[in-house]
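Structural description and commentary
So you can see what is in the structure, the chains are spelled out below.
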Amino acid sequence: MGKVVLVTGANSGIGLALCERLLSHDAQLQLCLGCRNMQRAEAAKHALLVSHPKAQVSIIQLDVSSVHSVLRAAQEIRHRYNRLDYLYLNAGIMPNPHVDYKAFYKGLFSGRAIHMFSTGEGLLTQKDTLTSDGLQKVFATNLFGHFLLVRELEPLLCRPGCSSQVIWTSSSNAQRSAFCLDDIQHKGGVEPYSSSKYASDLLSLALNRRYNSQGVYSSVICPGLVMTNLTYGILPSFLWTLIMPLMWLLRMFTNTFTLMPYNGAEALFWLFMQKPETLDPLAKYHSLTSGLGNNYTQPRKVSTDNYVILTLCLQKISPDLLNSSSQGDISLLFDEPYLICKYEGYFYAQIKLES
Ligand SMILES: NC(=O)C1=CN([C@@H]2O[C@H](COP(=O)(O)OP(=O)(O)OC[C@H]3O[C@@H](n4cnc5c(N)ncnc54)[C@H](OP(=O)(O)O)[C@@H]3O)[C@@H](O)[C@H]2O)C=CC1
Ligand SMILES: CC(C)CCC[C@@H](C)[C@H]1CC[C@H]2C3=C(CC[C@]12C)[C@@]1(C)CCC(=O)C[C@@H]1CC3
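One structure accompanies this document, and this report is about it. Just so we're clear, the structure is a prediction, and the values are computed from it rather than from any experiment.

Once that is clear, we can look at the packing of aromatic side chains. This model, assessed by the stated rule, comprises 10 aromatic pairs. Summarising the aromatic geometry, the rings of Phe104 and Tyr105 are spaced 5.4 Å apart at their centres and angled 70 degrees between planes, so their arrangement reads as edge-to-face. Note on Phe104: relative accessible area 18%, which makes it buried. Judged by relative accessible area, which is 48%, Tyr105 ranks as partly exposed. A ring pair is formed by Trp270 and Tyr285, whose centres lie 5.3 Å apart and whose planes are at 35 degrees; its orientation type is tilted. One end of the pair, Trp270, is in helix H12 (residues 266-272); the other, Tyr285, is in strand S9 (residues 283-289), and 15 residues separate them in sequence. Classification of Trp270 as partly exposed rests on a relative accessible area of 26%. Owing to a relative accessible area of 3%, Tyr285 belongs among the buried residues under this scheme. Chaining the aromatic ring pairs together yields one cluster made of Phe104, Tyr105, Phe117 and Phe257.

Rendered as structure tokens:
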């Protein structure tokens, strides 16, 4: 049996480009596309099969923002496969983005222009909404749903004598300043995207602490700035058309303008080819593209700043405890930063933060 790979958000952008690259590299792969929309998933599968007619590609319906969908999909995956070698946690959203043009013009004439273009720091805010589970949508999609998936797929990931990789698509926009210990979901702020990506960097460290001994290795990657549905949603299309020549020019000054999904998927693909035991658990792997268009992967330390390690653990908690203090689906229990999510009365997740 070939290696089994699951990619979330596989029907477009970086996820789809990764699938193309994986199939070109290994024809024996069993590739599973985790997508929320079946029509878009079928279109992606069709495109992959046109370029790789003999490939083994399947689809799993998976909406990572929904606890119910994640549980159902994980059950189906456990039923379909007896192993999972690579779990790419790539699906992500940046809803209702707003660009601070004033900050942009200010930044343009400061010494930090290149940094601003590479990270988008200080330029972007978003308006978040709630999921049907009552979670903040960006947190649920970019972080929490993926965490549940990892926990639910534990039996396939942790197999004696075998190793597996969990790979998060993080971002250069992941900033410590956007993340707050007392507000993990970023309910009270305007940078939920940045917060969720920073949390994924921390969570990956925590997963390594927890799972390395069981052969599971977690990594985070940063794809650079890539033109995809996500980025096209940030500015009106005429503006992107206008500034596109500038983007290609800027590529001469910053290697983070990967621009094409194929290039953005570089670090994801590079990790596929590594022995996980050799990876640095504290590194963030960056997809980079030189001015001449050459792709490469570079590890950089995750900037945790000894601030906090985010440990998410799933456990069943006594219903008495929940009943005594839960209101609605989500409740904040204790004074400590614990967040308890209640799902249909029997499923609980606990997020514990350790300083
Ligand atoms: N583009 C960039 O410059 C950068 C992107 N990233 C990250 O890369 C990842 C991929 O994004 P990118 O390729 O750019 O953008 P796309 O919008 O092209 O891809 C995002 C993918 O995630 C899927 N998705 C979104 N929400 C859900 C959900 N609830 N359940 C399942 N799938 C979902 C989308 O599905 P659907 O088609 O149905 O919407 C789509 O397939 C994201 O995590 C993003 O944050 C990080 C840094 C930079
Ligand atoms: C006002 C315009 C003429 C120019 C605005 C440029 C900005 C929209 C972009 C500059 C840096 C970009 C960037 C991202 C989005 C678009 C920019 C802010 C990301 C935040 C997109 C998603 C990520 O995960 C990281 C990207 C970093 C750089």
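This part takes up empty space enclosed by the protein. According to the stated counting rule, one finds two cavities of 30 Å³ or more in the structure shown. For the second largest cavity, the calculated volume is near 30 Å³. What lines the second largest cavity is Leu89, Asn90, Ala91, Asn142, His146, Trp168, Thr169, Lys197 and Ser200. Elements that contribute at least two residues to the lining of the second largest cavity include exactly helix H6 (137-152), strand S7 (164-169) and helix H8 (192-211). Here the lining of the second largest cavity is composed, by residue class, of three nonpolar, five polar and one charged.

This part takes up the pattern of salt bridges. Enumeration over the complete set of coordinates arrives at nine salt bridges. Between Lys301 and Asp280 there is a salt bridge, with the nearest N and O atoms lying 2.7 Å from each other. On the criterion of sequence distance, the pair formed by Lys301 in strand S10 (residues 295-301) and Asp280 in the loop between H12 and S9 is long-range, its members being 21 residues apart. In this structure Lys301 comes out as exposed when scored by relative accessible area, which is 58%.

Cut-off values and rules
Residues numbered from 1 in each chain as written. Chains lettered and ligands numbered in written order. Predicted model: local features only at pLDDT ≥ 70, side-chain atom pairs only at ≥ 80, totals over all residues. Heavy atoms only, no water. Phe/Tyr/Trp six-rings, centres within 6.5 Å; stacked < 30°, edge-to-face > 60°. Buried < 20%, exposed > 50% of the residue type's maximum accessible area, 1.4 Å probe, protein only. Helix = DSSP H or I, 4+ residues; strand = E, 2+ residues; numbered from the N terminus. 1 Å grid on protein atoms, 1.4 Å probe; cavity = no way out; pocket = protein on both sides within 12 Å on 5 of 7 lines; lining within 4 Å. Points joined across faces, edges and corners; volume = space filled by probe spheres on them. Nonpolar A, V, L, I, M, F, W, Y, C, P; charged D, E, K, R; others polar. Salt bridge = Lys/Arg side-chain N within 4 Å of Asp/Glu carboxyl O.

Spatial relationships are all this shows, so hold off on functional conclusions.
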